[in-house]
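Residue-level structural notes
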Amino acid sequence: MKKNFSRILSLVLVAVMALSMTACGKKNELAAEALTYDVAKHDEVSAEVYENVLGEFASIYADAKEADSVSEKFALMAVAEAKLMEAAVMLPTNTRGGSFAITRVAPRTVTSTLWGSDVERIHDALVVTEFITAADRDAMKAKWEELKGTGEYEAWAKTYLADNGYTLKDTYTALYTGDPETFDVLASSRATVSDVMVQCYDGLMEYDMENRHVGALAEDFDVSDDGLTYTFKIRKGATWVDSQGSYIADVTADDFVAGMQHMMDAVAGLEYLVQGVIVGANEYINGEIGFDEVGVKAVDEYTLEYTLEAPCSYFTTMLGYSVFAPMNRAYYESQGGQFGEDFDPADASYVYGTTKDNIAYCGPYTITSYTAENSIVFEANESYWDAENINIKKYSMLYDSGKDAAKPYNDAVAGTIDGTGLSNSNIETAKKDGLFDTYAYISDTDATSYMAFYNLNRAAYANVNDATAAVSTKTVEEAERTNAALMNQHFRTAISHALDREAWNATVRGEDVALYSLRNSYTPGTFVTLDEEVTIDINGEATPFAAGTYYGEIMQAQLTADGSAIKVWDDTIMSGDGFDGWYNPEAAAAELELAIAELKEEGVKISEKNPIHLELPYPSNDEEYTQKAQVYKTSVEEALGKKVILDLVACASYDEWYYTGYYTEMGYESNYDIFDLSGWGPDYGDPQTYLDTFLGDYAGYMAKCCGIF
């Protein structure tokens, strides 16, 4: 039977990489012995930590999934997330957007749907040769609100741009900061892969620029009366081509069956999306059944059928994410690919997805050129089923190392790229150049939530891929005291309230817009609303919430009832974004005193003379991130009276920084006490897409960022 790769751990002892401990000689041996981590016991340790820290969240969340209605489920999920916020295993920081920018890309010509990967699809984008004025952007966005859902916005936008002196072009160039580690979109859950590969395949359905959910490789679909069977009619005439554009095969229903099985075989972080949703998915992934018992079938050449375990209100919203991407079976096998228990990506003959030339394409583009840390070039696929209607014929992604903060702005002005956010330093340059007042606008925020994670079970003290990189300077005693402190809820809450996120954000985005992109919860407060009135229990009191109530309002009701100082919702602006609902020096100091008292009972004494040391890695090659790290340090230390010291760990490159946590696969590989790089974007239109990532027992993808599972 198939192995459950997501659960198997090496049964070896992993020595902690404490190469720069301040002790020496025999003391170093003691350091290695004291900080050696038994990987074989990782499951047991993780389960214990999870239950102690996130048990209440998990219990309420499990009840939410059993709710009688979608609205009741949303309300109970909001309560569960309030408990997740109070557990303080991470601090929400910000989201994408909400900064000054200049661009040649017309507004609302790429979908603004909050979930899935369609927001990265650029084939419909309207790009002009000139920067678009802020006034014209406002006019176009207003018209979009009027026309959305009619199918008329694209034609109107083209006419408006032409009438106002803009010249459309069919090329688009943007920046990227991280290379894809694979070209196999079904074998990775990282945005560095999905944001690239989404240009190269079509899914069953796609959100268009008016946020209509329209057919792509599916022309139509039906749902059975019991809500368990979804039947899709696959578009005839769509084809697979290689990287040179040569015909491989027609797209058929079996391509989606093959893609789903390969995704489940790869268990690369996507599989949890269908476990418990599609019949047999969980059992197949756990090696209990064969794939012929999974509820994904090609009824005939152009008819695809999914069978669900229970009705799923958000099922079709999942189709815009890579978990449902198709894959041509014969081509995959020609590249050494196999299925089920024979799947072995380490086999010498397995080359599928290793380069741009080892995948098949069925989307609007093929990748014609790729050079690591340089560029990725896409050109229109002439065999694409809708080739005559794509607006962008060539899309180029240019690598930005981050070493020169002025380069994105200079490249945008020169026309090398088609737009850029304006960092704090570039705002003044744009003003001097006479561009700011006319062209600068505040970019839209999205549903991606970034967090600063706290490592509850730190075992690594250098990077897992390079024992000489991001090396800790802690002594054994300091490491042990830190681990004890981070297991204390009051301590974690104290450091969460201690960060001035507005000042932290201003170092990159500028003071004028520092608040716009701040997010105060994991799931955005406006992500969903109640369709009907619901009454739920809030601390023993039956509490009604009217139809139309935002998710964030219910979160706040629970936090307020618990006496928490956390603010995730503002009734004045009807949002959970755009203000700092966590920074509270008084609450930080009070929580720290509670932590000090509790930790003293455990034998851990904290004072200014004997502080807790927390390590925060940052990319020292990036001037702006270096400034952010310094603000983080100053803010925490000032708020907590130097009883907590933030030690900044310089990483010489983005890769070194990424390998402290973002590129790691297991919790015990996390080389930090605080990590402010990772985030999550929703895969479908339900809060479950966020909250599932904090499930235990390897089911939650983000739990590893806390050093567990």
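Details of the structure are given in the entry above.
Presented here is a report on the structure given in the accompanying data block. Because the structure is predicted, anything quoted here is derived from the model rather than measured.

Details of the pattern of salt bridges
Scanning the entire structure with this criterion turns up 31 salt bridges. Its salt-bridge partner being Lys83, residue Asp562 comes within 2.8 Å of it at the nearest N-O pair. Taken together, the residues Asp562 in the loop between helix H16 (551-561) and helix H17 (585-601) and Lys83 in helix H3 (residues 70-87) connect sequence positions 479 residues apart. Judged by relative accessible area, Asp562 falls into the partly exposed class, the value being 28%. Here Lys633 ties to Glu637 by a salt bridge, and the two come within 2.7 Å at their closest N and O atoms. One end of the pair, Lys633, and the other, Glu637, are both in helix H18 (residues 623-639), 4 residues apart, so they sit about a helical turn from each other. One exposure class covers both Lys633 and Glu637, and it is buried. A single salt-bridge network, built from bridges that share partners, covers Glu56, Lys83, Glu86 and Asp562.

Looking at the sheet that holds strand E18 (residues 394-399)
Strand order in the open sheet formed by 4 strands is E7-E18-E17-E16, with mixed pairing between adjacent strands. Looking at the sheet topology across the chains shown, the edges are occupied by strand E7 (171-176) and strand E16 (365-371). The average undirected angle you get between the axes of adjacent strands in this sheet is 15°. Alignment of strand E17 (residues 375-380) against E18, held across 5 bridges, turns out to be antiparallel. Bridge assignment links Val377 to a residue of E18, and that residue is Ser396.

What to know about the packing of helix H14 (residues 489-498) against H17
Put simply, H14 and H17 touch, their axes get as near as 8 Å, and they point 160° apart. With respect to each other, H14 and H17 are oriented roughly antiparallel. The chirality of how H14 crosses H17 is left-handed. In contact with His490, Phe491, Thr493, Ala494, His497 and Ala498 of H14, H17 contributes Pro585, Ala587, Ala588, Glu591, Leu592, Leu594, Ala595 and Glu598. When grouped by side-chain class, the residues that make up the contact of H14 with H17 number 9 nonpolar, 3 polar and 2 charged.

Digging into the nonpolar core
Counting 185 residues, the largest nonpolar core has Ile278, Tyr306 and Phe694 as the members making the most contacts within it. Counting residues per element, this core draws most heavily on H3, at 11 residues. Look past the residues within four positions of Tyr306 in its chain and what remains in contact with it is Leu204, Leu228, Thr229, Tyr230, Phe232, Phe256, Met260, Ile278, Gly295, Val296, Phe315 and Phe324.

Section: the environment of Ala87
The topology assignment puts Ala87 in helix H3. Take Ala87: its relative accessible area is 5%, and that puts it in the buried class. A C-alpha to C-alpha distance of 7.8 Å links Ala87 and Thr493, two positions 406 residues apart in sequence. Setting aside its immediate chain neighbours within four residues, Ala87 contacts Val53, Leu54, Gln489 and Arg492.

Conventions we followed
Residues numbered from 1 in each chain as written. Predicted model: local features only at pLDDT ≥ 70, side-chain atom pairs only at ≥ 80, totals over all residues. Heavy atoms only, no water. Salt bridge = Lys/Arg side-chain N within 4 Å of Asp/Glu carboxyl O. Helix = DSSP H or I, 4+ residues; strand = E, 2+ residues; numbered from the N terminus. Buried < 20%, exposed > 50% of the residue type's maximum accessible area, 1.4 Å probe, protein only. Pairing = 2+ DSSP bridges. Axes fitted to C-alpha atoms, helices over the stretch in contact; angles between N-to-C directions. Parallel < 35°, antiparallel > 145°, perpendicular 65-115°, else oblique. Left-handed = near helix turned anticlockwise from the far one by under 90°. Contact = heavy atoms within 4.5 Å. Nonpolar A, V, L, I, M, F, W, Y, C, P; charged D, E, K, R; others polar. Core = buried A, V, L, I, M, F, W, Y, C linked by side-chain atoms within 4.5 Å.

Any functional reading would require information beyond the geometric quantities listed.
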